[in-house]
Amino acid sequence: MQVTSRHGLQVNSIESMSVVDGPGMRFVVFAQGCPLRCKFCHNPETWGLHGGSFVGYDDLLNKLDQCRRFIPQLGLTISGGEPLMQARSCRELLMKAKERGVHTALDTSGFGDEDEFKSLLPFVDVLLYDIKAVDSELHIDMTGLSNTQILKNLETASAHGKKLWIRRILVPNVNDSPEEAANLGSLIRDCARYGNIERVDVNPYHRMGLEKWERLGVVCPYSHVKPPTQAAVESFRGMVTAEAGLRRFDTAQRARVS
Ligand code: SF4
């Protein structure tokens, strides 16, 4: 389901200054709505498209402008939820931000209509692209949906030369197998042909979202899963790096990933 508005978008929350949602300091708009149902999601309150509140472009841009008075280089990141659920509205906001000379990032699972996705690429400086699983059946098991369109959109973004930060939430005994590391490394190697991979982040699954699941009255299927050890994260990252054939990654771990 797509939502289009000429005047704004449905927003879950806003973070004025973040250092974990793109390059440098970011003003982050968390868009409401997500078609995936990741079993590790730590923001399940963003799922319903009609939650949150509607915020006009002008309000969002005014807030951004106010923050940029203190930090002129502050960039804009649209995260979620899944921003591609409101692709046309996000495109408008990104376009208006670019008109102001603002650096822009889109934090996405990549699940969205191909034409809509393509149409907003010219207004995105960097894509933060989460690959939950490369194996198709595993992806369906983890998120409820196929990754066919996600991988297609990744190829499209790469072919457009779009800068990419590839991200993976590592869930022990779910998507941390050597096969998945090899698949992810191979995928990154394919994208790297276009010279557009800027970062690969492997982030540990964490349990900070479990209370939100409880508040929604939904049982989190991974509530029993413990975060991976640092050594497991490093090991997975090493396998991905080796398979990708890229010598240097900026692989800082971060707590927050959509
Ligand atoms: S982790 Fe992100 S993509 Fe997955 S359900 Fe949650 S908001 Fe959607």
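Let me sum up the structure you'll find in this document. All of these numbers come straight from a predicted model, not from anything done at the bench. (Residues numbered from 1 in each chain as written. Predicted model: local features only at pLDDT ≥ 70, side-chain atom pairs only at ≥ 80, totals over all residues.)

## Some points on the overall build of the protein chain
- A tally of regular secondary structure across the protein chain gives eight helices and eight strands.
- For 258 residues, the compact-globule estimate of 2.2 N^0.38 gives 18 Å, and the C-alpha radius of gyration of the protein chain, at 17 Å, lies within 12% of that figure.
- Reported as C-alpha extents along the three principal axes, the dimensions of the protein chain are approximately 45 × 45 × 35 Å.
- Put simply, the protein chain has 258 residues, and 43% of those count as buried.
- The contacts in the protein chain between residues at least 6 apart in sequence include a share of 77% that link residues at least 24 apart. (Helix = DSSP H or I, 4+ residues; strand = E, 2+ residues; numbered from the N terminus. Rg over C-alpha atoms; globule rule 2.2 N^0.38 Å. Buried ≥ 20, exposed ≤ 12 C-beta atoms within 10 Å, placed from the backbone. Contact = placed C-beta atoms within 7 Å.)

## Quick word on the sheet that holds strand β8 (residues 197-204)
- One open sheet holds the eight strands; their spatial order is β3-β1-β2-β4-β5-β6-β7-β8, and the pairing between them is mixed. Strand pairing shows two members of the sheet lacking a second neighbour, β3 (53-56) and β8, which therefore form its edges. The sheet shows a mean angle of 30° between the axes of neighbouring strands, taken without regard to direction.
- The sheet contact formed by strand β2 (residues 26-31) and strand β4 (residues 75-79) spans five bridges and is parallel. In the sheet register, R26 faces β4, and the bridge partner there is G75.
- Strands in contact with helix α1 (residues 57-70) are β1 (8-18), β2, β3 and β4; relative to β3, the strand with the most contacts, it is inclined by about 70°. (Pairing = 2+ DSSP bridges. Axes fitted to C-alpha atoms, helices over the stretch in contact; angles between N-to-C directions.)

## Details of the pairing of strand β6 (residues 126-130)
- With five of its five residues buried, β6 lies for the most part within the structure.
- Residues V126, L128 and D130 line one face of β6 and the alternating positions L127 and Y129 line the opposite face, and both faces are buried.
- Alignment of strand β5 (residues 104-108) against β6, held across four bridges, turns out to be parallel. Within β6, the residue paired with A105 across the bridge is V126.
- Crossover connection from β5 via helix α3 (residues 114-120) to parallel β6: handedness right-handed.
- Pairing geometry for β6 and strand β7 (residues 163-170), over five bridges, is parallel. In the sheet register, Y129 faces β7, and the bridge partner there is I166. (Right-handed = clockwise from strand over helix to strand, strands pointing away.)

## Quick look at the nonpolar core
- If you look at the biggest cluster of nonpolar residues, it comprises 61 residues, and the most contacted ones within it are I78, C90, L127, I188 and V240.
- Non-local contacts of C90, meaning those with residues more than four positions away in its chain, are made with L9, A31, I78, P83 and L120. (Core = buried A, V, L, I, M, F, W, Y, C linked by C-beta atoms within 7 Å.)

## A word on the environment of L128
- Structurally, L128 can be placed in strand β6.
- Considering only alpha carbons, one finds L128 and R215, 87 residues apart in sequence, at a separation of 28 Å.
- Non-local contacts of L128, meaning those with residues more than four positions away in its chain, are made with G22, A105, L106, D107, W165 and R167.

## Digging into the environment of P72
- Structurally, the position occupied by P72 is in the loop between α1 and β4.
- The exposed category is assigned to P72, around which 8 C-beta atoms lie within 10 Å.
- Spatially, the C-alpha atoms of P72 and V102 are 9.1 Å apart, while their sequence positions differ by 30 residues.

## Thoughts on the packing of α1 against helix α2 (residues 87-99)
- Contact geometry for α1 and α2: axes closest at 11 Å, N-to-C directions at 40°. Classed by the angle they form, the pair α1 and α2 counts as oblique. Relative to α2, α1 is oriented so that their crossing is right-handed. Where α1 approaches α2, its residues Y57, L60 and L61 are matched on the opposing element by E92, L93 and K96. (Parallel < 35°, antiparallel > 145°, perpendicular 65-115°, else oblique. Left-handed = near helix turned anticlockwise from the far one by under 90°.)

## Concerning unusual backbone geometry
- Residue G80 is joined to G81 through a cis peptide bond whose omega torsion reads 10°.
- Relative to the assigned elements, G81 resides in the loop between β4 and α2.
- With a phi angle near 60°, N173 is a residue other than glycine that sits in the positive phi range.
- On the secondary structure map, N173 appears in the loop between β7 and α6 (178-192).

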